[in-house]
Amino acid sequence: MIETLLSNKPLLSIIAYSLCSGSLLVMNKMLTIFLDPALIACIQFCFAIVMILMFTRLNYLTIDKFTPDLLIAYSKYAVLFTLGVFSNMKALSTANVDTIIVFRSCVPLLVCIADTVWLGRMWPSGRSLGAMGMMVFGAIGYVLNDPSVTSNDDDADDDDADETSYFWVIVYFFAIAAEMVFGKMIKSGISCELSTSVLLTNALTLPAMSLLSIMNNEQLSPLFTISPPVFFLLVASCLVGAGIGFSGWWCRGLLSATSYTIVGVANKFLSILLNIMIWDKHATAGGTVALLVCLAGGTLYVQAPMRVVEGEEEVDVEMLIQKNVNELGSSSSSSSSPNPNPNPNPNPKPNKQ
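Treat the numbers as computed from the prediction; the structure is a model and nothing was measured.

## Observations regarding the overall build of the protein chain
Scanning the protein chain from terminus to terminus reveals 15 helices and zero strands. The buried share of the protein chain, reckoned over its 353 residues, is 48%. Counted over contacts in the protein chain with a minimum sequence separation of 6, partners at least 24 positions apart contribute 87%. For the protein chain, the accessible surface area stands at approximately 17100 Å², while carbon and sulfur atoms represent 67% of it.

Dropping the structure here:
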């Protein structure tokens, strides 16, 4: 049984990604009590970069040569990743974990559309549409049970804080959806080592995140006055952050964009459990029920099959994805040729990990 489990790469990637993603959300929420959001992200990025370079030096990891196509593609992804991480951190500093999970659960609504338009899949089935309907109703039910929304408190500062919380959560919603789709395009259209994907993501995101930290007047001094438990929590978050980088890109390479997004929704059950155990500031009983409905809808979603043209084989998804990567600004010269197969050396299968 253990050998069967170890040979099932998609399942292993899902388990690894779920453990990292479910715990990192709560860790970062705890850290935002003591440190500024972008500063936490910058520390985690630096840790991942140093770790990858160190293991590469020791010949445990391999880094691909940085070609123009590779750098351009990951630079664009880094913009979306920066926006997603920063908005997530800002939301964590002002909103409770449950609120973020609800909006995260609705991300498949956008991703499934992109899966159809850009990634060659059919429209969702009736079951999947029903599942997405559950996610929408769950999200609406949560908002209606959110004390910060339903309260009649006239405190202007509280109202401003609530508006800020939902602003950053909404930004995170759209940023993570775009990141999921474009990340799948890159992983399927450009072949590279897993460590290369993680290194480029962190290295290209670090400058932008540092700039956002400076623009928001975040203070570095609290970093030198944190207590030992907070320091160990920060180190643990760096380890988990590096883990989510590797497991996330590994999982993304083996699953469709929507399926990968659904995994990100389902693993939030761990976040909910940790959240209830640690804080008293979480959803009401009605809000928790709505949240579970939202997550249940996410887990009931069934991945749509690839589009098939009548009388033809299944669409060549790699060619379709590569075309869309080029249209989004890749400098690949092959995209301008009228010949449908202009490249004598097509990309190898991406799922070789």
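After that view of the structure, there is still more to cover.
## Observations regarding the packing of aromatic side chains
In total, this model carries 10 aromatic pairs according to the counting rule given. With centroids separated by 5.9 Å and ring planes inclined at 65 degrees, the aromatic side chains of Phe 103 and Tyr 166 adopt a geometry described as edge-to-face. Of this pair, Phe 103 sits in helix H5 (residues 97-105) while Tyr 166 sits in helix H9 (residues 156-189); the two residues are 63 residues apart in sequence, bridging distant segments of the chain. Tyr 166 shares its class with Phe 103; the two are buried. Plain terms: the ring middles of Phe 167 and Trp 168 are 5.1 Å apart, the flat faces sit at 75 degrees to each other, and that makes the pair edge-to-face.

## Section: the state of the cysteines
Taken as a whole, this structure holds zero disulfides when the rule is applied. Between Cys 238, a free cysteine, and Cys 46, which holds the nearest cysteine sulfur, the sulfur-to-sulfur gap is 8.9 Å.

## Quick look at unusual backbone geometry
One non-glycine residue, Asn 59, adopts positive backbone phi at about 65 degrees. Locating Asn 59 in the fold gives a position in the loop between helix H3 (37-57) and helix H4 (68-94). Take Asn 59: its relative accessible area is 68%, and that puts it in the exposed class. Despite not being glycine, Asn 217 has its phi angle at roughly 55 degrees, a positive value. On the basis of relative accessible area, Asn 217 is assigned to the exposed category, the value being 59%.

## Some remarks on the pattern of salt bridges
Across all of its chains, the model carries one salt bridge by this definition. Two residues, Arg 252 and Glu 179, come together in a salt bridge whose shortest N-O distance is 4.0 Å. Pair noted here: Arg 252 is in helix H11 (residues 228-254) and Glu 179 is in helix H9, with a separation of 73 residues, a long-range link. Residue classification places Arg 252 among the buried positions, given a relative accessible area of 2%. A relative accessible area of 7% places Glu 179 in the buried class.

## Focus on the environment of Leu 110
Mapped onto the secondary structure, Leu 110 falls in helix H6 (residues 107-117). The class for Leu 110 is partly exposed, based on a relative accessible area of 31%. Placed 68 residues apart in sequence, Leu 110 and Ala 178 show a C-alpha to C-alpha distance of 8.5 Å.

## As for the nonpolar core
Membership of the largest hydrophobic core comes to 86 residues, with the highest contact counts inside it found for Phe 45, Tyr 74, Val 85, Ile 100, Val 111 and Met 209. A per-element tally of this core places H9 first, with 13 residues. Sequence-distant contacts of Ile 100, that is, excluding residues within four places in its chain, are made with Leu 25, Asn 88, Ala 91, Leu 92, Val 169 and Tyr 172.

## Re the side chain of Thr 196
Looking at the secondary structure, you find Thr 196 in helix H10 (residues 194-215). For Thr 196, a relative accessible area of 0% gives the class buried.

## Structural notes on the side chain of Ser 87
Along the chain, the position of Ser 87 falls in helix H4. In terms of polar contacts, Ser 87 uses its side chain to reach the backbone carbonyl oxygen of Leu 83, at 2.7 Å. If near-sequence neighbours (up to four positions away) are discounted, Ser 87 is found in contact with Trp 168, Val 171 and Tyr 172.

## Description of the packing of H4 against H10
Each pair of packed helices can be summarised by the angle the axes make with each other and by the distance between the axes. It is the contact of H4 with H10, at a shortest axis distance of 8 Å, that shows an interaxial angle of 55 degrees. Compared by their axis directions, H4 and H10 come out oblique. You can see that H4 and H10 cross each other, and the crossing is right-handed. Residues Leu 70, Leu 71, Tyr 74, Ser 75, Tyr 77, Ala 78, Phe 81, Thr 82, Val 85 and Phe 86 of H4 form the contact with H10, whose own contacting residues are Thr 196, Ser 197, Leu 200, Thr 201, Leu 204, Thr 205, Ala 208, Met 209 and Leu 212. Broken down by class, the residue content of the contact of H4 with H10 amounts to 13 nonpolar, six polar and no charged.

Cut-offs used in this document
Residues numbered from 1 in each chain as written. Predicted model: local features only at pLDDT ≥ 70, side-chain atom pairs only at ≥ 80, totals over all residues. Heavy atoms only, no water. Helix = DSSP H or I, 4+ residues; strand = E, 2+ residues; numbered from the N terminus. Buried < 20%, exposed > 50% of the residue type's maximum accessible area, 1.4 Å probe, protein only. Contact = heavy atoms within 4.5 Å. Areas by Shrake-Rupley, 256 points an atom, 1.4 Å probe, with all protein chains shown as cover. Phe/Tyr/Trp six-rings, centres within 6.5 Å; stacked < 30°, edge-to-face > 60°. Disulfide = S-S within 2.5 Å. Salt bridge = Lys/Arg side-chain N within 4 Å of Asp/Glu carboxyl O. Core = buried A, V, L, I, M, F, W, Y, C linked by side-chain atoms within 4.5 Å. Polar contact = N/O pair within 3.5 Å; in protein donor to acceptor, adjacent residues only side chain to side chain. Axes fitted to C-alpha atoms, helices over the stretch in contact; angles between N-to-C directions. Parallel < 35°, antiparallel > 145°, perpendicular 65-115°, else oblique. Left-handed = near helix turned anticlockwise from the far one by under 90°. Nonpolar A, V, L, I, M, F, W, Y, C, P; charged D, E, K, R; others polar.

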